[in-house]
Structures are given as structure tokens and as C-alpha cells.
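In case you want the letters, here they are:
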Amino acid sequence: MAPKAKSVKPPGSTIGAKPSKMKGRPKIRDDDDMTEIGDLGDDSYVHGKTLVKPDDQLDLSEVELKEEFTRILTANNPHAPQNIVRFNFKERTYKQTSSVEQIAIHFALDGNMLHKDSDEARRQRAKAGMGESKSEAALSEAGEEEGGEGEDGEKEEVVEAPPPKKESLRNQFNFSERASQTFNNPYRERGTATEPPPRANFSSTANQWEIYDAYYEDLQKQEKAKDKTKQIPTYRKEDDKTKKKLVAMETASDDISRVTRAAKIVERMVNQNTFDDIAQDFSYFEDASDEFRDQEGTLLPLWKFSYDKAKRLAVTSICWNPKYFDMFVVGHGSYDFTKQGRGMLLFYTLKNPSHPEYIYSTESGVMCLDIHPIYQYLVCVGFYDGSVGVFNTQEKRPGPVYKSTAKSGKHTDPVWQVKWQKDDLDNNLNLYSVSSDGRVVSWTLVKDELIYADVIKLTVDDLPTEGPDGTQLQLLGCGTSFDFHKKIDYLFLVGTEEGKIHKCSKAYSSQFLDTIDAHHMAVDAVRWNPFHPDIFISCSADWTVKIWDHNYGNQAMFTFDLNSAVGDVAWAPFSSTVFAAVTADGKVHVFDLNINKYEALCEQSVVQKKKTKLTHIEFNPRHMIICVGDERGYVTSLKLSPNLRKVPKKKKGEENVGIDHEIEIAKLDKILSLVREPDNKEKK
């Protein structure tokens, strides 16, 4: 059938057709007002549009409606994997892919649209019976859009009106959509080349006699192990079990001894990782609040040392190693004479706070100790039973290498303090001890024994008293502490249970150089100042700490009341005016006479339970920390804040120079000049 002829209209004209029968909606000219009365019909233009709201729509105010919410969208997919690896055939390794696909497909629909001029479209139209008429009708519609008027009487193709569109809901929120395109950083590959680990080639030859020697040594070890396990034969059924246990223990100890050093290194590494935050505080933390407190300071708790078998034993002595500044020794015993038993000697290090380095168990409680200033592996110890011993950490012995006995002149009462002194004329090691039996004894290490010599006996009165049968009785005092002068070798001080301090000499054993009525109760500690040769400090159970000048008799330079029994006092090694004391109420008091001559700069409780008594305190010789021991067996390390360790500023270029003793002496003399009375000075 031939196609129907159409008349061609000039531009601007349209095919004459009724608007109601045109395909699709009518086109509107540019100058139209977008609304025609005839198009709407039924006076729908008069009524306002009704908003369709869902049932769960929120009712918002105008302010909430006008509020804008900004969302920044990025092109990166948060769920994209970042660790995809692919095999690199060139390098024969798996390598991580640098580029990751960031596209996330939320919806995909495969369509079946075809171009209208394609062969497939023509075949489909021909199959449907539409032919070319529909395309020509499309041309007529295009002509109508150009704005021309149609001719009357032209026959039009009738098409059905499209279904009415569903009215879309209006967005009732002020939503503004913003987007920005960011710059993707370029990928870079970085690599480092490390040095290969060192290697060593080892070669050896095994001869018949070498194999024989190895087997022979092993046989000897087995025979020695059997000799140790031999016991007196009895008719108990438990003998076999005990023998097996002993053999197992021997073999186990041999196996452990092979890896002892490596195990210690690994243990220190694990502990340094575990207590890394404390190690960082020890090295770098400074209390910034000290800048706003001129005359106050704080103590920062660091490590806490304890051992399970020594928790019920009080800390009776603490001593830092003079060479290895991270090591210190702790003595454990009991101050209660009704609860006397065993004691312990523990060697700790700051590098391993979880377990002691060396452990020695003693039959009697350890009351005092001291480390030799030159031979740091030698530690002298005083026991509650009156004996004095010397431990050597280099020798694998469970007990002391030297120990005094009743035959060698041991004390009859507890030994309260021991001190190493200079060697004698024969270069034999020499130490001193003081005890409640009233004797100050010098001990000399000769070969395998301790040889004693009484230096002085602490008499209570100059005149002897008469007994009931007329005999002359000489009452002896109870020595509790002593300290030797830093510069004058023969001069030393002795504190007694009666509250007196005797100034004695090694050369005179019959009388004292001077006696000071220092306290009303027992003198717990007496110590010379490490810088000033004339000043010493003492503390007592009468709640007081006193500073003395040995040239001024019974007059104390300073007296401090701490409201509780004072267990120990110590001078700081970095300043002549700083000292610290511990009391029975669990507090640490730190003083600096250069800043405040009347009150402590820091008064801080360092125990968990209020009833716990602090027994001893000791400053580290290099680091700005102190160690405090209590009656429950715990040792706590504390760091001094900047206000508690002020030192004179050094000039440029003198930062590495040590402490100037003359400056420290002058600083203390300036403070003491305010309280000294020249009239009371003794003339010698």
C-alpha cells in the first residue's frame, strides 16, 4: 500500500488538530503563562493545592524547616578492601595493589532500548503494523512544536492519552545538595634496604677421643647426681617417691641453668614493655603545676617492689648500689620482738620490678645492711640475734660467706646498724656495727673468719652504781644508730635508745668526745650532711626531726614536729638543704631549708592502708627518685617534682660539671647564720 500523501507546511505552521487528540501533552510557547484556563477545567485553578503527607510525617516548626544540614560526600568507598594482593610474575612475589576500585553500584537495570532508525527497530515496527506512519506522525508533532498553526480538515492519527501522572510529594525540608571534587593523592612506594644479619661459619672435627671425653663427663655428672640423692635407708614407703622428686629437681635445675641468662634478658624485655608508661614518667614526666606553686611539691609514684615470701616481713633497711644506680638492696625482718623468725635479703633493679635479682633467706631477721663502696658485690648484714654476716653475690652460696658467732664475739642483742669503713693497715676489709648491748664493734675480714675489736662501750652514767651485794655495776646504753664523718675518719656519732647522741672517736674507747641530750625517746637515725662537715640530722620516736651543729653543744639549729613517730630521715645527695623523713602514719615529708625553714614542701601519704607504718627512706645517688619501705614488706619508688629538687643554675659551658660543694656549704651557712648564737659556741 502506497504511503499517504501529506501537504508540506511552511515553517511556523502545524498540522490542524484538536488539542485533546494530540499525542502527549500540548506544547506551550515561550510567551505563555504556563497556565491556561481551558487546560485545567472544572475551576481547579481556584482551589489551592493540597499537600499529601504520610502518616509518620514529623510536624516541624519554621525554624526547624529552615535549618540546613550539610553533608560532605567523598568519592572513597569506606567498604572497599585495602589489602588486596596479586601475584607479580616478574618478581615472583605477592604484592599489594596500589589502586582500589572505589565505585559502589547501588542499582543496575539492563534496558532494551533501540535506536528508532536501526534495522531492528524497523523490523519491530513492521511486525507490529505501525509502518512508517508513526515516524511521520512524530515529524508532524515536531512541526507543531515550532509554533505554526495547523490546517483545518486534516485527518489526524488518533492516539490514546497517557495515564495521569502520580502526584509526587513535596519535599518539606530545606535541603541543599552540595558536592565538591577533591584531589586524590598520588600513590607512592617506599622501601628500605637492611643489612643482612651477620653469619659465621663453624666447622670442627669429631675424633674418637673427643666423643669419649664427652660421654665420660656426662657419666661423671650422673654419678654426682646419684651421690647427692643417697640417704640413710629407712623402711618408709615414701623413699622411692622422694628419690624420684630429687632426681627430677636436679635434672630440671641443670636444664634451667643453661638458659638462665637468656631468660633474665627476656624477662626484663617483657617487664619494660609492661611498665613502659612508668618508664616514660621516670625519664620525662615533670609536674607542670609546680610552676604555679612556689613552695609546694609532689611525689609521683613509680614502681612498687614486692616479693610474695617477704610480704609479712617489715622493710628494715634500704641501700642503693654506689656503682649501678638502678640496683638497691632491701632487708626484711620484724621490729616486734614477740614475732621474731626468719628474714630475707633481696636485690632489686629498676629494670625488672616484678622479681628480685638475688634472693637470700636467713634464719634470723635482717635488721640493717650496707653495700661496700668499692666491691659492690659484698654486702654486710646485721641480724636480730646479734650476729654480723657478709654476703657475696658472686659466689653461689645460699648464706653469708662470713658470719660472727658466740665464739667470735657476736652481739648479745639485735644489731641496729652496720657500716663499711676504710681498710686497715694490712688492707683487710673493715666494717663497724652498733647494737642494743651497748657495744660499737669493729670487724675485720681475715681469711675465712671475722675478727672483732670493741671500739667503745656506751655507758649510761659516768659513775658506776652499786649492786645489792656491794658490787660495782656499769650500766650500758642501747645503741640504735650511728654514722661516720665524711672527711674526719676517726669521728663518728652514736644515737641511743635513751635519746642521747654521743660524739665518739675511734682512738678513744674509754670516754665520749661529747654527749648531746637530743631527744626524749629513742634516736632512730643520725646522719652527717654530705656537703657541710659540721652539720648532722637526727630523728626520733618523739615525733621530731632536729638539725645540729656539732660545734654548738645541746642547741639544735632547727626542730621540726611531724605529728607522728619518725622512722627514718635522709639527706638528699644533690643539695645540702634538702632532706626527707618518713613517719608512722604513712606519710613522706620533704623539706628544703633554702625555700621554707618552717614547714615541709611536700607531705604526702604513699601507703594504701592508713595504719601502715613507713620504716625507711633512701635517696638515689644519681636519679631524682626516692625509695620508701613499709612494715608490710613493700618498697615504693617516688619521683620528686621540680620544686623538690631545685639546684643552683649553672653557667654556660658548665652543664656537665658536678655539684660544687663550696656553693652548697655557703648556701647552708647562710641559712644557719640566722639561728646561730656565737656566745654558745664551745671553745676548743
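Every value quoted in this text rests on a predicted model; they were computed, and no experiment measured them.

Participant: How should the overall build of the protein chain be read in this particular structure?
Facilitator: Broken down by element type, the protein chain carries nine helices and 32 strands. Relative to its full complement of 684 residues, the protein chain shows a buried share of 35%. Across the protein chain, every contact between residues at least 6 apart in sequence was considered, and the portion connecting residues at least 24 apart equals 51%. Put simply, the protein chain shows about 47,600 Å² of open surface, and 52% of that area lies on carbon and sulfur atoms.

Participant: Sorry, what's going on with the sheet that holds strand S26 (residues 566-571) here?
Facilitator: Strands belonging to one sheet form pairs held by backbone hydrogen bonds; the direction of such a pair is parallel or antiparallel. Read across the sheet, four strands follow the order S26-S27-S28-S29 without closing on themselves; strand pairing throughout is antiparallel. Looking at which strands have only one partner, the edges of the open sheet turn out to be S26 and strand S29 (602-605). Adjacent strand axes in the sheet meet at a mean angle of 15 degrees, parallel and antiparallel pairs treated alike. Where S26 meets strand S27 (residues 578-583), five bridges bridge the pair, whose relative direction is antiparallel. Paired with Ala570 across the bridge in S27 is Ala580.

Participant: Could you clarify how one ought to interpret the packing of aromatic side chains in this entry?
Facilitator: What characterises a pair of aromatic rings is the spacing of the ring centres plus the angle enclosed by the ring planes. The full count for this structure, using the stated rule, is 25 aromatic pairs. Summarising the aromatic geometry, the rings of Phe560 and Phe591 are spaced 4.7 Å apart at their centres and angled 45 degrees between planes, so their arrangement reads as tilted. Placement of Phe560 in strand S25 (residues 556-561) and of Phe591 in strand S28 (residues 587-592) is noted, with a sequence separation of 31 residues between them. Connected via pairs of aromatic rings, a cluster forms that spans Phe558, Phe560, Trp571, Phe579 and Phe591. Between the NZ or CZ atom of Lys304 and the centre of the ring of Tyr634, over which it lies, the distance is 4.7 Å. Between Lys403 and the ring centre of Phe383, over which it is positioned, the NZ or CZ distance is 5.1 Å.

Participant: What's the story with the environment of Gln82 in this structure? I'm lost.
Facilitator: Counting through the fold element by element, Gln82 comes out in the loop between helix H2 (62-66) and strand S1 (85-88). Residues Gln82 and Ser99 lie 17 residues apart in sequence; the distance between their C-alpha atoms is 9.0 Å. When sequence neighbours within four positions are dropped, the list of residues in contact with Gln82 reads Gln96 and Val100. A polar atom in the side chain of Gln82 sits 3.4 Å from the backbone oxygen of Ala80.

Participant: Looking at this structure, I do not really get the pattern of salt bridges. What am I missing?
Facilitator: When the charged atoms of two side chains lie near each other, side chains of opposite charge can form a pair. Overall, the coordinates contain 14 salt bridges when judged by the stated rule. Its salt-bridge partner being Glu91, residue Lys95 comes within 2.8 Å of it at the nearest N-O pair. Between Glu664 and Lys667 there is a salt bridge whose closest N-O contact spans 3.2 Å. Placement of both Glu664 and Lys667 in helix H9 (residues 661-672) is noted, with a separation of three residues, approximately one turn of the helix.

Participant: I tried to follow the sheet that holds strand S9 (residues 378-383) on my own but got confused; where do I start?
Facilitator: Judged by pairing direction, the sheet is antiparallel, and its four strands sit side by side in the order S8-S9-S10-S11 without closing on themselves. The open sheet has two free edges, formed respectively by strand S8 (366-371) and strand S11 (402-403), since each of these has just one partner strand.

Participant: Help me out: how do you make sense of the pairing of S28 in this one?
Facilitator: Side chains on a regular strand alternate between the two faces of the sheet. Of all the six residues making up S28, five are buried; the element is thus mostly covered by neighbouring parts of the structure. When S27 meets S28, the two strands line up antiparallel, connected through five bridges. By the bridge assignment for S28, Ala580 is matched with Val590. Count of turn residues in the S27/S28 antiparallel hairpin: three residues, of which Gly586 carries a positive phi of about 85 degrees. Here S28 pairs with S29 via four bridges, running antiparallel. Residue pairing for S29: Lys587 is matched across the bridge by Ser605.

Participant: I keep staring at unusual backbone geometry and nothing clicks. Help me out?
Facilitator: Keep in mind that most residues, glycine aside, have a negative phi and that most peptide bonds are trans. Notably, Asn427 is not glycine yet its phi reads approximately 60 degrees, a positive angle. Position of Asn427 relative to the elements: it lies in the loop between strand S12 (415-421) and strand S13 (430-435). Judged by relative accessible area, which is 63%, Asn427 ranks as exposed.

Participant: Mind showing me how you'd approach the environment of Asn554 here?
Facilitator: On the secondary structure map, Asn554 appears in the loop between strand S24 (544-549) and S25. Its relative accessible area of 47% is what places Asn554 among the partly exposed residues. With 53 residues separating them along the chain, Asn554 and Ile501 place their C-alpha atoms 9.9 Å apart.

Participant: Which parts of the structure should I look at to understand a negative patch on the surface?
Facilitator: The grouping of Glu210, Asp213, Glu217 and Asp218 at the surface amounts to a negative patch. For Asp213, the position within the fold is in helix H5 (residues 208-229).

Participant: Just checking my understanding: could you explain a positive patch on the surface for this structure?
Facilitator: A cluster of basic side chains, namely Lys221, Lys224, Lys228 and Arg258, defines a positive patch on the protein surface. For the positive patch, the element with the highest residue contribution is H5, accounting for three residues. On the secondary structure map, Arg258 appears in helix H6 (residues 239-258). By relative accessible area, Arg258 is classed as exposed at 68%.

The rules behind the values
- Residues numbered from 1 in each chain as written.
- Predicted model: local features only at pLDDT ≥ 70, side-chain atom pairs only at ≥ 80, totals over all residues.
- Heavy atoms only, no water.
- Helix = DSSP H or I, 4+ residues; strand = E, 2+ residues; numbered from the N terminus.
- Buried < 20%, exposed > 50% of the residue type's maximum accessible area, 1.4 Å probe, protein only.
- Contact = heavy atoms within 4.5 Å.
- Areas by Shrake-Rupley, 256 points an atom, 1.4 Å probe, with all protein chains shown as cover.
- Pairing = 2+ DSSP bridges.
- Axes fitted to C-alpha atoms, helices over the stretch in contact; angles between N-to-C directions.
- Phe/Tyr/Trp six-rings, centres within 6.5 Å; stacked < 30°, edge-to-face > 60°.
- Lys NZ or Arg CZ within 6 Å of the ring centre and 35° of its normal.
- Polar contact = N/O pair within 3.5 Å; in protein donor to acceptor, adjacent residues only side chain to side chain.
- Salt bridge = Lys/Arg side-chain N within 4 Å of Asp/Glu carboxyl O.
- Patch = residues over 30% accessible without salt bridge, like charges linked within 9 Å, V, L, I, M, F, W, Y side chains within 5 Å.
- Lys, Arg positive; Asp, Glu negative; His and termini not counted.
- Charge placed at Lys NZ, Arg CZ, Asp CG, Glu CD.

Keep in mind these values describe shape, not function.
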